[in-house]
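These are the residues of each chain, in order.
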4 protein chains.
Amino acid sequence: MVYPNGKMNEKKVFKDPVHKYVHVDDQVIWDLIGTAEFQRLRRVKQLGTTFFTFHGAEHSRFNHSLGVYEIIRRMIDNVFDGRPAWNTEDRLLCLCAALLHDVGHGPFSHSFEKVFHLDHEHFTQRIILGDTEINQVLREVDREFPKKVAEVIAKTSDNKLAISMISSQIDADRMDYLLRDAYFTGVTYGNFDMERILRVMRPHGDQVVIKYSGMHAVEHYIMSRYQMYWQVYFHPVTRSAEVILTKILHRAKALHKQYYSFRHQPVHFYSLFEDEVTIEDYLKLDENIMYYYFQVWQEEEDAILSDLCRRFVNRNLFKYVDFTEKYHGLNNWMELSSLCKKAGIDPDYYLVVDSTSDLPYDFYRAGEEEERLPIMLLMPNGELRELSRESSIVEAITGKKRMDQKLFYPYDTLYEDGRKGKVKEKIISILEGKG
Amino acid sequence: MVYPNGKMNEKKVFKDPVHKYVHVDDQVIWDLIGTAEFQRLRRVKQLGTTFFTFHGAEHSRFNHSLGVYEIIRRMIDNVFDGRPAWNTEDRLLCLCAALLHDVGHGPFSHSFEKVFHLDHEHFTQRIILGDTEINQVLREVDREFPKKVAEVIAKTSDNKLAISMISSQIDADRMDYLLRDAYFTGVTYGNFDMERILRVMRPHGDQVVIKYSGMHAVEHYIMSRYQMYWQVYFHPVTRSAEVILTKILHRAKALHKQYYSFRHQPVHFYSLFEDEVTIEDYLKLDENIMYYYFQVWQEEEDAILSDLCRRFVNRNLFKYVDFTEKYHGLNNWMELSSLCKKAGIDPDYYLVVDSTSDLPYDFYRAGEEEERLPIMLLMPNGELRELSRESSIVEAITGKKRMDQKLFYPYDTLYEDGRKGKVKEKIISILEGKG
Amino acid sequence: MVYPNGKMNEKKVFKDPVHKYVHVDDQVIWDLIGTAEFQRLRRVKQLGTTFFTFHGAEHSRFNHSLGVYEIIRRMIDNVFDGRPAWNTEDRLLCLCAALLHDVGHGPFSHSFEKVFHLDHEHFTQRIILGDTEINQVLREVDREFPKKVAEVIAKTSDNKLAISMISSQIDADRMDYLLRDAYFTGVTYGNFDMERILRVMRPHGDQVVIKYSGMHAVEHYIMSRYQMYWQVYFHPVTRSAEVILTKILHRAKALHKQYYSFRHQPVHFYSLFEDEVTIEDYLKLDENIMYYYFQVWQEEEDAILSDLCRRFVNRNLFKYVDFTEKYHGLNNWMELSSLCKKAGIDPDYYLVVDSTSDLPYDFYRAGEEEERLPIMLLMPNGELRELSRESSIVEAITGKKRMDQKLFYPYDTLYEDGRKGKVKEKIISILEGKG
Amino acid sequence: MVYPNGKMNEKKVFKDPVHKYVHVDDQVIWDLIGTAEFQRLRRVKQLGTTFFTFHGAEHSRFNHSLGVYEIIRRMIDNVFDGRPAWNTEDRLLCLCAALLHDVGHGPFSHSFEKVFHLDHEHFTQRIILGDTEINQVLREVDREFPKKVAEVIAKTSDNKLAISMISSQIDADRMDYLLRDAYFTGVTYGNFDMERILRVMRPHGDQVVIKYSGMHAVEHYIMSRYQMYWQVYFHPVTRSAEVILTKILHRAKALHKQYYSFRHQPVHFYSLFEDEVTIEDYLKLDENIMYYYFQVWQEEEDAILSDLCRRFVNRNLFKYVDFTEKYHGLNNWMELSSLCKKAGIDPDYYLVVDSTSDLPYDFYRAGEEEERLPIMLLMPNGELRELSRESSIVEAITGKKRMDQKLFYPYDTLYEDGRKGKVKEKIISILEGKG
């Protein structure tokens, strides 16, 4: 058994645009990267449909996973330098958990999970613990090692310090995705001084804390996250694409339930439609496969499915209006809905309210959910203080939930020239707030 | 007819990591970007299989096409500022040609074209001139406009100046891809000072020339290209992936010719196998579709097809050795080949020589091919001088064809522990130059 | 008279690390840059003593002044594109005011002005209106032109729009210095997306406003400023150098008043000591000259002057403690002071309290001072709204004055080994908060 | 004695725009940085008069010296990782030599040394070995340590490996200045992938060699140097400033020899004029002091000295023409010279030929000078090969000396309107190549 002392003969590096290089010198890491399950992450985009809004955002979860690994590697070098308690296995545990933390993500994760009631974290566990190449590699370290890695990712491990490095309010995961998503989208909001943060991190009992002198760097990081959420992750054009994607999956499932005869059998979706997904089925699905179906389904007879697929593939998205009380109270909503039906537009698929709280919003809110570890500052006198008590800027945005509700609808269908009748005009006047 | 004077009510911008922003204020450009054929470029990677080597290189041709358009837009602003001869239509012609110059690229272009004897330039013409959304948009400008755009791209237009801006040794195409590929791979070699080059460009008769004072910036650009070719584009790991890809397509075609019964019918490939590709068929193919087949073909009964697909999908690539006279002369080659057969390894699919001259190498060589417009310097006294006559560095690399031949083979199959017999040992000793 | 239509035959450019290039195509701008008074700005650092803390911060006000000019030039191109009301002279007025807005800065401005009761804004006016090369150039445009430029800088001009471009809460001055100081110090805090801000600016009556869609970019800019102030501009090490500098100037002036006989006569300071500074005297002073005196004064007989100069020149700065009620109330202060005297340490020069409100703090506080133009957002419905009413982040930091008081003292003198007696020990115990 | 095992309690970092951070954890390094002699480097610009051409180039040798130190620190970490032979003292020796290698540089080194026949390398030796603070710090390590450090810098040490790290064709010195000068000037030519070069360096016997796989990165570095020399270091505007500077120093010395009575006695220059410079005198001189004299000398009675000083201070530089046989053969030269005299222009000061071979040109030329260590590639088979034998690009520029001769003259004096007589017209016609 070559692990865990199995250093490679020659260090390997990956050229990475965000961290310059990703360094690998443990054989187990190298082997994990080579598994089929890890390579699959190349076929799942880090930001799902965001590339429809920011065309640069075509990077995969493979990218991000290497990045999180690299940050943890550097954290260990910086933070644990010379601490004997942090032995070889703890190091390896942390590196593996970092590398694999997202391995269970499905294609277009957000919509996918919502429609099929799945949870990528659950699949991450199954991939690590099940009959997979990843499991085989991890078992070479130690028979218990897969379980240990899975526990760190699931936050049930006794090694709280490892958990805090990978999943806390200022962890390697968030640091990598902010920098990486900023790089690939081209926005500057996500830039913060990670070098400095790595230098002011300290292990302190069960968690990683930040030296007080680094508070401003952490403020900057928090503000970067805030900006990225509202500027990039919650961008309404991206949400429009997600809305369409969700409706495609809903429609396909509904048709399946109705024994609709598909021209192109949704073979890869059967187990999803039946809620009986095996690991093997799950791993076969990726964004290429999904896209294949969206493309061929453009030729389905079902008008809704084919229209939605055409929209997604050709980026002919829905438009949106702010969905506020004033314009769209319940009565208007019901009227809108019935008017749409009259106009031959199915409101279940073409009138969609989306609010950002549906999205993976994990903006900093101290103390609200138990699992959220607050960021602690290590004061010069040795005390620990929670960040928002020291930083007035962080305090200002702590716990302030920001909502955004939008109504998405097919502008082109409504405004199609020539064919616009009275019913459509009424719909338009309500949408434009004149109703 | 809204075009060509149809400026948009509000300028649109795309956030672009390379040029910061891509600006659109012509309605025709906006509409072209919205066509199904242009959106398809999102599903074709700019660098094919390079992402297996440089994981950041997941960017699409959609990205690059916008970038070329933006450079041309800036070139016109800089270079033609205040020149009345450059009228509105010439401007639009140039912008459209820039945007559409790559629209005919197929999935994994290089291997794809080689196996199926196709030519993306030919398809670019057909897409612009055929029954497509792009053609419809262009016709709104003028009935002859699609033809004019196509001629600029095909380099048969009378507007030599437009041709020289888009396809010469220092054109918007090359400038964008060098900067963009450098950005996404993370290598620094491709960086040069485009701002300066744009400032020293001058239209001069039928071509764009460079003011002498900008010679060093051009040298730097030429050197960047040289570096990018050898460091990125010709990287042997990428070529290994291309080799496997080529062999998959060959195998599928061969099986089809032999009436092999596919579990997963290669519906999308039929017209390719039969050499009767319509525009409609062609446009249905993209890298998602290709990848779909590679994934499902892992389950084909044919051992070669399924093995090659597994290799490609899971990045289990071939290893390589320099294929030089000394080690691999004809006799050795024939011996190798027959040894492989003995060992049950089909040399047609598993012993592949690839030389970079097979790759799209268009490194600067003055005067060698007629179509290559040399870069001309505008001297202070008004004379024109060809670049390599002024620059000793450029002279040094002008016309020096550099070859690289490698032999690719399945290392893992040969070295599989336990099962290695005498035949394999002999093969290995030849590959390692000991034979 | 060549101005104001005097475009240059050939555009000139300056290579600038922040804006890539600074473009000049007006002869008057070129000539202003060539004047002795403007060239003098090369000998005044943009950030005074900050280079003692951030060694990269050695850039001059010459740099910054070109940068502000360039931003205004781009603002005009972006914002006023195609607005005939913005005629040639207004454009030139704005460019000149931008270029010259800091021309009255003295060496190490902050301390210098404090000790000698001077005001750089006053000198900017005198340089523009007095008998200078700058005045001569400006008069070539129009006899009234120097006055007009001076009025824009003094904010007394009728051209409120020009004033708002150069001196408001989001003006070219602040945008340049944040980006530039971030670049030269190497910190990342000062980066924000200026390109986007320039694109969302709109002239609206008397001021420049920001389109609502750009609110997040403005938030990011405001946060960048906040960070730069606390991370860079108010850094205690820089303030320590300022404290010493102030004390050197005080000491020299005091000695002069006492008819102390300098070995090196402070010829350049006479008029300052006598409060009778002419423009000619003022312009002769720059940081090289000041440094010359500090270097030669190391050899003065007066122990305080020579010690302080040695400290400044060799960066042997004072240490500091937070100066809070708890540790340093009035009684302690008086005790400290008298203990120092006993120990032979003059508290007037060696015990210095500095609070950041002494520093050029102009952090965003809406409505507090009349001259502060608030940042107005142009809402989609055409309304104007003050920024902090829309942005919860900006609201959070609006008007929150943050104070920082520190006590600076000569650590080395107190801790000098061997010679530490009871008195020094007592001083130390008070400083360390044990007294 | 705290050294050499004296690690600091807390690592210190300097924020550096080029390397992000400079890390210090050895007390001796910290103490060296704090010496008066090292702090003096803040008052000597890295690129002398280049800031007249590239206004960003105001950075000091202090900056660069820290950068070289940091690169060596990283080199040791990368290259010598785990090599016991490289003991603690060798490490410290290398770090100190790196930090101090430029400590002997005088103000505006190039012109200064030429006029006064000085050599900064000689003064570096004297500062390290003489009665200085630096010497005192080094002696704390070991009595012989100053000598050892000096020998590494002088290239006479037995530790050839250390020498090759600091002074070879690809050393820490060159790598830092190329990156740093590119950063501060804002040109992109000097960027190369230092990270990669550091990773492919290997100690091999007496020198550092480069793994063959890194050849392209080295090519890129060599090309960057080539570009920086011709684009930045040899820029004719910079040379014009150097010419004036040289003539000022010549004039002042000549006047001194003639017992001219200076209004402002050149006290700091006496020992230079008399060729009897002590270390103490030398260290008192820096660019602030020099500038002080240039500024006050503007008021000297001697017309040449005051005019040249005015030109330098106000950047009223000489213009230039290419000085080629064709236009400026010997006869023309003598005629020019005598015409100038007639026109009242002293040719000794106002007609200056400068050729770049006068400048510190150390472009890569294998084998030409004994001291130039060629760059050796470590081939896969263990052989060493000289770089230019493997790289056709490097070969192309190896040994090709490129000359540039220019004639500098006071354009404004000759073209002054109104007063231009026949003699001046004749001079002009020769300069413009019409004579």
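Residues numbered from 1 in each chain as written. Chains lettered and ligands numbered in written order. Predicted model: local features only at pLDDT ≥ 70, side-chain atom pairs only at ≥ 80, totals over all residues. Heavy atoms only, no water.

As named in an unreviewed UniProt entry, chain A is HD domain-containing protein, taken from Ectobacillus funiculus.

Draft legend 1. Seen up close, the domain arrangement of chain A. Residues and elements named next belong to chain A. Taken domain by domain, chain A comprises domain 1 (7-233) and domain 2 (238-356 + 405-431). Of note, the centres of domain 1 and domain 2, computed from C-alpha atoms alone, are 34 Å apart. In this complex, domain 1 contributes 30 residues to the contact, which on the side of domain 2 involves 27 residues. In total, about 2,700 Å² of surface goes out of reach between domain 1 and domain 2, with carbon and sulfur atoms giving 65% of it. Looking at the side of domain 1 facing domain 2, the largest losses of area belong to Phe52, Phe108 and Phe116, adding up to 27% of the total buried there. Of the charged contacts in the structure, one is a salt bridge between Asp286 and Arg43, with a shortest N-O distance of 2.7 Å. Our enumeration of links across domain 1 and domain 2 arrives at 13 residue pairs in polar contact (both at pLDDT 80 or more). Where the side of domain 1 that touches domain 2 is concerned, the elements lending two or more residues are helix 5 (109-116), helix 6 (120-129) and helix 12 (215-233). Here the side of domain 1 that touches domain 2 takes six residues from helix 5, the largest share from any one element. Residue classes in the side of domain 1 that touches domain 2 are distributed as 13 nonpolar, eleven polar and six charged. (Domains from an automatic or database assignment. Contact = heavy atoms within 4.5 Å. Buried area = accessible area lost by both parts, 1.4 Å probe. Salt bridge = Lys/Arg side-chain N within 4 Å of Asp/Glu carboxyl O. Polar contact = N/O pair within 3.5 Å; in protein donor to acceptor, adjacent residues only side chain to side chain. Helix = DSSP H or I, 4+ residues; strand = E, 2+ residues; numbered from the N terminus. Nonpolar A, V, L, I, M, F, W, Y, C, P; charged D, E, K, R; others polar.)

Draft legend 2. Representation of the sheet that holds strand 7 (residues 376-378) of chain C within the structure. Residues and elements named next belong to chain C. Strand order in the open sheet formed by four strands is 3-4-7-8, and the pairing between neighbours is mixed. Strands with a single pairing partner mark the edges of an open sheet, and in this sheet they are strand 3 (201-204) and strand 8 (384-386). Taking the axes of each pair of neighbouring strands and ignoring which way they run, one obtains an average angle of 45° across the sheet. Pairing of strand 7 with strand 8, which is carried by three bridges, proceeds in the antiparallel orientation. Bridge assignment links Leu377 to a residue of strand 8, and that residue is Arg385. (Pairing = 2+ DSSP bridges. Axes fitted to C-alpha atoms, helices over the stretch in contact; angles between N-to-C directions.)

Draft legend 3. Spatial organisation of the relation of the copies chain B and chain C. Relative to chain C, chain B is turned by 180° and slid 0.0 Å along the rotation axis, the superposed coordinates differing by an RMSD of 0.0 Å. The transformation just described matches what one would write down for a two-fold rotation axis. Same-surface contact between copies: 100% of interface residues of chain B are shared with the interface of chain C. (Least-squares fit on C-alpha atoms with pLDDT ≥ 70 in both.)

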